[in-house]
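Summary of the model geometry
Each chain is listed here by its residues.
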Amino acid sequence: MPLQFKDQDSIRTVLADLRSSETTLNWVLFKYVARETLELESAGEGGLEELVQSLGPTDIKFALLEVVVTDEDQYNAVKFVLITWIGPEVSAGIAKASAAGHRRDVIDFVQVSLAIASEFQPSGYDDLNLRSIASKITRVSESYQDGAVTGEKKETRQQLSRSEAASRNTKLSQISLINEGEIIDAFKAVAREDADWAVVRYSEGKKDELELKSVGKGGLDGLKAQLVDSEICFALIMQKVTETTTTVTKILLVTWVGEQVRPLQKARSSPHRDELANWLKQHVPFHSHYPATSYDDLTVESILFKIRS
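Residues numbered from 1 in each chain as written. Predicted model: local features only at pLDDT ≥ 70, side-chain atom pairs only at ≥ 80, totals over all residues. Heavy atoms only, no water.

Before going further, it helps to examine the pattern of salt bridges. All told, the structure shown has 15 salt bridges when counted by the stated rule. Between arginine 262 and aspartate 7 there is a salt bridge whose closest N-O contact spans 3.0 Å. Here the residue arginine 262 occupies a position in the loop between β12 (246–257) and α7 (263–281), and aspartate 7 occupies one in the loop between β1 (4–5) and α1 (8–19), the gap between them amounting to 255 residues. Overall, aspartate 7 belongs to the partly exposed group, its relative accessible area being 33%. The shortest N-O distance in the salt bridge between glutamate 231 and lysine 213 comes to 3.0 Å. Of the two residues, glutamate 231 is situated in the loop between α6 (219–224) and β11 (232–243) and lysine 213 in strand β10 (residues 209–216); the sequence distance between them amounts to 18 residues. One salt-bridge network, in which partners are shared between bridges, spans Glu45, Glu50, Arg273 and Asp274. (Salt bridge = Lys/Arg side-chain N within 4 Å of Asp/Glu carboxyl O. Helix = DSSP H or I, 4+ residues; strand = E, 2+ residues; numbered from the N terminus. Buried < 20%, exposed > 50% of the residue type's maximum accessible area, 1.4 Å probe, protein only.)

This part is about the pairing of strand β2 (residues 27–34). Note that β2 and strand β3 (residues 37–44) share seven bridges and pair antiparallel. Counted as the bridge partner of lysine 31 is glutamate 39 from β3. (Pairing = 2+ DSSP bridges.)

Let us look at the packing of aromatic side chains. This structure, assessed with the given rule, holds seven aromatic pairs. An aromatic cluster of three or more residues is present, and its members are Phe5, Phe30 and Phe109. A cation over a ring is seen here: arginine 12 above phenylalanine 109, with NZ or CZ 3.9 Å from the ring centre. (Phe/Tyr/Trp six-rings, centres within 6.5 Å; stacked < 30°, edge-to-face > 60°. Lys NZ or Arg CZ within 6 Å of the ring centre and 35° of its normal.)

Here is the structure:
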């Protein structure tokens, strides 16, 4: 049976966004939901560093990553790499063997929407780095040469985001904040430690409008009570961190993407997160961003690990 793709229309929409120069999306990730079926798991604009966070040691997944190659003349060539991820703890068996065969099906499906410049299968996390991916691209492509000289390759450097390419203009997604002053006051209350958390969510029926959902105390347990599996929310939280004999307060921006949120909605919200973060820094500086997709992610231990890493 050939490989199937769940909700193909949504996938095509996200692939079109990945290809478009008018969006900041630069990676897309697929996961298995059955032995012969893939679905869109997530998408983002944080490059390889963000993508790696979604690749577990027991996972088998396929990812598309945008790489921008800048040569000495500041020409930015956008290339798309297909990454086949078979986690280092995946044991030999049918699933591992099937993934190798499905790679060709993934290529055929994706190339209807965009061209894949190269394929890359890392052997483990140490292999998941820019140098390895860049080496793969430049080794297989002869287009990184200056036609005015005798075929010598130019020194190239790879960048994993359109936003990092000096000669490429990008357009951030537009979000509206309903009662912006109220949201600012809620976030500042967290910074003053008058509240433990403040949560904003998408207004009902709106794709680009955020409103204040709640602000309160009760630590992480109180925050969890405000989050549901079918919603995407952004929360500013206050966390005490003790280092030897000193206790300091850290402020984190949490992106909550419930497990029942549709893949297309996830993909569209990723640029919104960055736009909100940039806006937030003007009013309340925060120390780190923390993504959460389940209540198990929202533990003191997990958050402290993120702060200290």
